[in-house]
Amino acid sequence: MTTAQTFFPMEISTVRVIDRTNPQPPMVREVWKQELADAVRDPADLCDLLHLDPALAQKSKKASRDFPFLVPRGFISRMQPGDPNDPLLLQVLPRLEELDDVPGFVSDPVGEQPARRGAGLIQKYHGRCLLLVTGGCAVHCRYCFRREFPYAESGASPASFVDAVNEIRADESIHEVILSGGDPLLVDDTLLETLIDDIASISHVRRLRIHTRIPVVLPSRITEQLLHSLNTTRLAVCVVIHANHAAELDSVVADSMRRMSHVVPILLNQAVLLRGVNDNAESLIQLSEKLLDLGVTPYYLHLLDPVRGASHFDVPEETGVRLIAELRNRLPGYAVPRLAREHPGNLSKTWIA
Ligand SMILES: *Cc1c(COP(=O)(O)O)cnc(C)c1O
Ligand code: SF4
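Read on for a plain summary of the structure. (Residues numbered from 1 in each chain as written. Chains lettered and ligands numbered in written order. Predicted model: local features only at pLDDT ≥ 70, side-chain atom pairs only at ≥ 80, totals over all residues. Heavy atoms only, no water.)

This part is about the site of ligand 1. In the neighbourhood of ligand 1, the contacting residues comprise Ile122, Lys124, Tyr125, Arg128, Leu130, Ile178, Arg209, Tyr299, Tyr300, Glu342 and Lys349. Arg128 has a polar side-chain atom sitting 2.7 Å from an oxygen atom of ligand 1. Separating an oxygen atom of ligand 1 from a side-chain N or O atom of Tyr300 is a distance of 2.7 Å. For ligand 1, whose unbound accessible area comes to 390 Å², protein coverage reaches 92%. Among the elements that take part in the shell around ligand 1, strand S1 (residues 121–125) stands out by supplying 3 residues, more than any other. (Near = heavy atom within 4 Å. Polar contact = N/O pair within 3.5 Å; in protein donor to acceptor, adjacent residues only side chain to side chain. Areas by Shrake-Rupley, 256 points an atom, 1.4 Å probe, with all protein chains shown as cover. Helix = DSSP H or I, 4+ residues; strand = E, 2+ residues; numbered from the N terminus.)

Here is the structure:
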């Protein structure tokens, strides 16, 4: 038996170190769970690892008041030590600007609350719905549009899968189920397998899509058991990863993506256009090139959703349009992502360029 809490990083982090005097044989923990338990949760530790000014950590601690700091060590290893403007660091290090109240930046910028449909389901667009598998993530991205999502009351937990699956079963217009979160790959392989089997038992569902940042931030999570589940389901599977900068995609990530590409026919990436991180043509070109090396097609480049606490990442729409034009001049057509924005209430995302 499992409980909802078992799958949240907070819980995992409290697992005790093995006591060698204990006569019980220690449980073998999967590598990815160990890496998640070892993730850095204090900005001071991060600044220490990267030889950054401890004053930065002080500010970060204050800034992480409402949305805790979390980053796995593998992701940190891809950052440049000593560089406070490292594009990976900027995505995860809380800054005091997060506490600013900026007009137009709100708690639910994309209108998800009105689109909630029973326990753990969100539907905005025709034929496809999001199943919120868990509220937990393996990393906390400071620009996340769900940073204030009320997971606790949304039913985003394994306990409510049954209701969500029943809701999908009763609606024949749903052809695609998108596992989302939080990060859906944060849950256990066995639970995920059960969920995929349940969804596959619904005859009108044709496709399974997984929106996840985990292949990038915790590549060891791509286990054989997970690949087996994806390989054996009758559903057409698509995995959409989330990388914003080429430096996120090191050889360990490449290896996991290669293994995944053998069983998942469609691998896509979504990125967010972020000030200081990837708001220049060279960064975006390198990101697309690197994704293609890994067998991943760039799908969306999202303009920032105006969530409270993320205004310092905002890039003007005109800049996005200009950058996409530059990408078109430099890359094959299929390597240019769609610049998109989400308007609450619309029947699809809006393609800007
Ligand atoms: C982005 C999103 C989707 C997927 O949209 P596509 O254009 O199919 O990629 C589906 N549901 C919700 C609620 C979304 O925000
Ligand atoms: S992994 Fe995705 S859901 Fe989680 S904090 Fe980052 S952007 Fe948000």
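Structure's up, so let's keep going.
So, about the sheet that holds strand S6 (residues 266–272). The mixed open sheet is built from 9 strands, whose spatial order is S1-S2-S3-S4-S5-S6-S7-S8-S9. A single partner strand is all that each edge strand has here, and the edge strands are S1 and strand S9 (350–351). In terms of strand pairing, strand S5 (residues 236–242) meets S6 through 5 bridges, oriented parallel. Looking at the pairing, His242 lines up with Gln270 of S6. (Pairing = 2+ DSSP bridges.)

Glancing now at helix H14 (residues 317–330). Here H14 spans 20 Å end to end across 14 residues, near enough to the 20 Å set by a 1.5 Å rise per residue. Taken as a whole, H14 has its buried residues at Thr319, Gly320, Leu323, Ile324 and Leu327. Looking straight down H14, one finds its buried side chains confined to an arc of 135°; they lie on one side. Those residues of H14 that are exposed and aimed more than 90 degrees away from the buried face are Glu318 and Asn329. Against the buried residues of H14 lie helix H13 (281–293), strand S7 (297–302) and strand S8 (338–341). (Expected span 1.5 Å × (residues − 1). Buried < 20%, exposed > 50% of the residue type's maximum accessible area, 1.4 Å probe, protein only. Arc of directions from axis to C-beta. Contact = heavy atoms within 4.5 Å.)

Another point: the nonpolar core. General note: in soluble globular proteins, nonpolar side chains tend to be found buried as a group. In this structure, Leu46, Val71, Met79, Leu131, Ile168, Leu179 and Ile199 are the most contacted members of the largest nonpolar core, which totals 94 residues. No other element matches the 6 residues that helix H9 (residues 189–200) contributes to this core. Each of domain 1 (4–99) and domain 2 (113–351) accounts for three or more of the residues forming this core. Grouped together as the second largest cluster of nonpolar side chains are 7 residues, Ala115, Ile122, Leu132 and Phe149 included. (Core = buried A, V, L, I, M, F, W, Y, C linked by side-chain atoms within 4.5 Å. Domains from an automatic or database assignment.)

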